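Structural overview for review
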Amino acid sequence: MKIYALIPIKHNSDRVTGKNYRDFNGKPLFFWIIDTILSSAYIDKIIIDTDSDTIKELVPEFFPEFLDRIIIYDRPKHLHGGHIATNDLFINVIQSLNLDADYYFQTHTTNPLLKTSTINGAIETFIEKEKEGYESLFSVKRHHTRFYDKSGNDMNHNRFKLIPTQELDPIYEENSCMYLFTKESILKYNARIAKKAYLYEMSDIESTDIDWPEDFKLAEILHHTQL
């Protein structure tokens, strides 16, 4: 059984300038997720899909002893830019490199609090759930909170018949930390999340994702407490 990790890393970030290689507790941000993945006995290779010369130079410097497990893929120019769907990136790299893994694990550099044990748990779960017909897995956060749509309508509760929030039906948020899928499923749906996908719950802290400058500061503080 072969499992390959896919990590898309772009050079430019719209909201946090240079975040993927910016210093994060003494190392470039990308270092932490790669180091975490390398600690998993399940993952054979890491494919870094990037348009960044900085990433191409720094990754070998930080991981010289793991270059047999790391492939740096030079993203073609027609797939540069923030308007490109990430699903297109994964399909392209799988087909262009003719990858033949049984499973693909995908994450981002912006998930520095993700743990190896959580990755391993997700992989083990997906292998079992695939026997039940699940075609992919993705990680989520559970919410027991009163939600409203953009028009102010109740979504998961009745404002006139309040019950304790812990008794509300949960709503799940895709946290962008982990995705597991096969080559067959992503080509079938042109999406990393298939029609029958298993929701893998993660804690709020470990789900921390960096989208905004304040996210970067918060993640760095939380990460520092775990070092």
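To keep things clear, this report deals only with the structure shown in the data block.

Calculation criteria
- Residues numbered from 1 in each chain as written.
- Predicted model: local features only at pLDDT ≥ 70, side-chain atom pairs only at ≥ 80, totals over all residues.
- Heavy atoms only, no water.
- Buried < 20%, exposed > 50% of the residue type's maximum accessible area, 1.4 Å probe, protein only.
- Helix = DSSP H or I, 4+ residues; strand = E, 2+ residues; numbered from the N terminus.
- Contact = heavy atoms within 4.5 Å.
- Phe/Tyr/Trp six-rings, centres within 6.5 Å; stacked < 30°, edge-to-face > 60°.
- Lys NZ or Arg CZ within 6 Å of the ring centre and 35° of its normal.
- Pairing = 2+ DSSP bridges.
- Axes fitted to C-alpha atoms, helices over the stretch in contact; angles between N-to-C directions.

Focus on helix α3 (residues 86-96)
All buried positions along α3 are accounted for by Asn-87, Leu-89, Phe-90, Ile-91, Asn-92, Val-93 and Ile-94. In the core, the buried residues of α3 are packed alongside β1 (3-9), β4 (45-50), β5 (70-74), β6 (103-106), β8 (171-181) and α5 (183-189). Of the residues flanking the end of α3, it is Asn-98, one or two places downstream, whose phi is positive at about 50 degrees.

Digging into the packing of aromatic side chains
For the structure on display, the rule yields ten aromatic pairs. Seen in terms of ring centroids, Tyr-4 and Tyr-104 are 6.3 Å apart; in terms of plane orientation they differ by 80 degrees. Their pairing is edge-to-face. Within this pair, whereas Tyr-4 is found in strand β1, its partner Tyr-104 is found in strand β6, the two being separated by 100 residues in sequence. Look at Tyr-4 and you get buried, because its relative accessible area is 7%. Classification of Tyr-104 as buried rests on a relative accessible area of 0%. One cation-aromatic arrangement involves Arg-192 over Tyr-179; the distance from NZ or CZ to the ring centre is 3.8 Å. Stacked on the ring of Tyr-134, the Lys or Arg Lys-196 has its end atom at 4.7 Å from the ring centre.

Looking at the sheet that holds strand β7 (residues 136-143)
Overall, mixed pairing links the seven strands, which are arranged β5-β4-β1-β6-β8-β7-β9 in an open sheet. Lying at the two open borders of the sheet, with one neighbouring strand each, are β5 and β9 (197-201). For this sheet, the mean inter-axis angle between neighbouring strands, taken without regard to orientation, is 35 degrees. Of the strand pairs in this sheet, β1 and β4 are connected by six bridges, and their pairing is parallel. Following the sheet pairing, Pro-8 is matched in β4 by Asp-49. Each of β1, β6, β7, β8 and β9 is contacted by helix α4 (residues 116-129), which is oriented at about 85 degrees to β8, the strand it contacts most.

Note that every value here comes from positions in space, so none of it alone points to a role or purpose.
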